[in-house]
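# Inside the fold
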Amino acid sequence: MTICNSMKKFDLYDLKQTVNQRGVLISFAGPFTHGIIEELGQAVTRYLEAQALTKASLMDVFSVFIEQAQNVRNYAAKRGDDSNSELDFNSGIVTIGRSGPHHVVCSGNFLMRCDVEPLTARLNQLHSLGPKELKTLYKQQLREQRNPGEGGGLGLIDMSRKSVLPLEYEVRELDQNYCFFSLCATV
Amino acid sequence: MDSLFLEKTKSSPAIAFNSNSGILEMSGESYPENSYEFYKPILLWVSRFCAHFPGEIVFNCRISYLNTGSTKSMMDIFDLFEDRFRRGLQVQVNWYCDSENERAVENAEEFMEDVSFPFVIQPLIAQQ
């Protein structure tokens with residue numbers, strides 16, 4: 001490895017500032033292996049335990065965090081093989097931040113363009129449902145036959161039930177094939 | 001029929017299902033990489049056991065967290081218990097949870113709503 005003349009290449013100040021300005025307390029960007037999700041899960045639990053949170057809030061933040069991380073991982077597992085892309089679907093980002101009395105748990109990952117529409121349609125549908133309807137839908141989906149490896153639908157409903165605001169999302173179009181998808185829950 | 005034992009990992013629970021006593025114990029957290037694959041052999045075991053065991057089955061569950069995939073599999077286990085109960089055979093679930101954690105209690109109550117066999121929410125005694 002060569003020593004770089006310009007130290008600026010390693011200067012993470014701007015990155016750290018961006019993270020701070022957004023109120024992010026914890027972030028992870030990189031490949032989502034199951035082992036990493038487990039380690040992050042433990043780290044997040046320890047971090048939250050050190051905060052003055054109720055046990056119920058801690059559980060909500062943790063569960064939304066795990067559902068998001070596993071959704072990114074499951075999507076990568078599904079799409080990773082059948083794409084010629086040089087994009088690494090497994091590489092994503094998760095953040096936990098604070099907004100007033102709530103925690104904001106977000107994830108971001110690359111999606112194939114063809115997968116965006118069904119996902120946003122599903123999220124828009126969930127936006128229109130109240131707590132009782134979400135519960136009914138959740139229970140319905142619990143009883144449905146599943147295809148191995150799929151489970152994202154139930155995760156989105158579960159996150160919607162825990163989020164005090166509707167699940168927010170942003171889609172950034174990268175080119176004709178790919179988008180970057182950000183999902184945010186406030187718990 | 002053999003008992004079923006699985007070691008706990010960071011993301012999967014310890015399983016101790018005793019085929020002699022009919023006492024089935026589960027503890028830990030459940031968010032395995034693939035919950036469907038993880039629970040497949042467990043469901044198969046429970047299904048066979050429910051069919052042949054004549055005595056009372058007692059399921060003691062001390063799971064502090066279930067992801068949605070694991071929740072679905074837990075519901076599948078309860079469906080097997082429900083079938084057994086409706087055939088006139090005994091089964092009881094003791095669901096241990098922290099009574100100070102209202103979310104954990106709510107989750108337990110949601111399971112309870114969907115079953116007719118004895119399902120008791122038990123307070124978790126702190127253990128270290």
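Residues numbered from 1 in each chain as written. Chains lettered and ligands numbered in written order. Predicted model: local features only at pLDDT ≥ 70, side-chain atom pairs only at ≥ 80, totals over all residues.

### Brief notes about the overall build of chain B
- When its secondary structure is counted, chain B shows 3 helices and 6 strands.
- Taken along its principal axes, the extent of the C-alpha atoms in chain B is 35 × 30 × 25 Å.
- Here chain B holds 128 residues, and 33% of them are scored as buried.
- Of all intrachain contacts in chain B linking residues separated by at least 6 positions in sequence, the fraction that spans at least 24 positions is 66%. (Helix = DSSP H or I, 4+ residues; strand = E, 2+ residues; numbered from the N terminus. Buried ≥ 20, exposed ≤ 12 C-beta atoms within 10 Å, placed from the backbone. Contact = placed C-beta atoms within 7 Å.)

### Structural notes on the overall build of chain A
- When helices and strands are counted, chain A shows 6 helices and 5 strands.
- Along chain A, from the amino end to the carboxyl end, the secondary structure elements read α-β-α-α-β-β-α-α-α-β-β.
- Looking at chain A as a whole, 29% of its 187 residues qualify as buried.
- A sequence separation of at least 24 residues applies to 65% of the contacts in chain A between residues at least 6 apart.

### So, the nonpolar core
Residue and element names in this part refer to chain A.
- One finds V61, F65 and V105 to be the most contacted residues of the largest nonpolar core, which totals 59 residues.
- With 10 residues, helix α3 (residues 55–79) is the largest single contributor of residues to this core.
- In this structure F65 touches V44, V94, I96 and V105, once residues within four positions along its chain are discounted. (Core = buried A, V, L, I, M, F, W, Y, C linked by C-beta atoms within 7 Å.)

### Describing the interface of chain A and chain B
- Listed as interface residues are 20 residues of chain A and, on the opposing side, 20 residues of chain B.
- When residues of the side of chain A that touches chain B are traced back to their parent elements, those giving at least two are α2 (34–50), α3 and α6 (152–162) of chain A.
- Its residues placed into classes, the side of chain A that touches chain B shows 7 nonpolar, 7 polar and 6 charged. (Nonpolar A, V, L, I, M, F, W, Y, C, P; charged D, E, K, R; others polar.)

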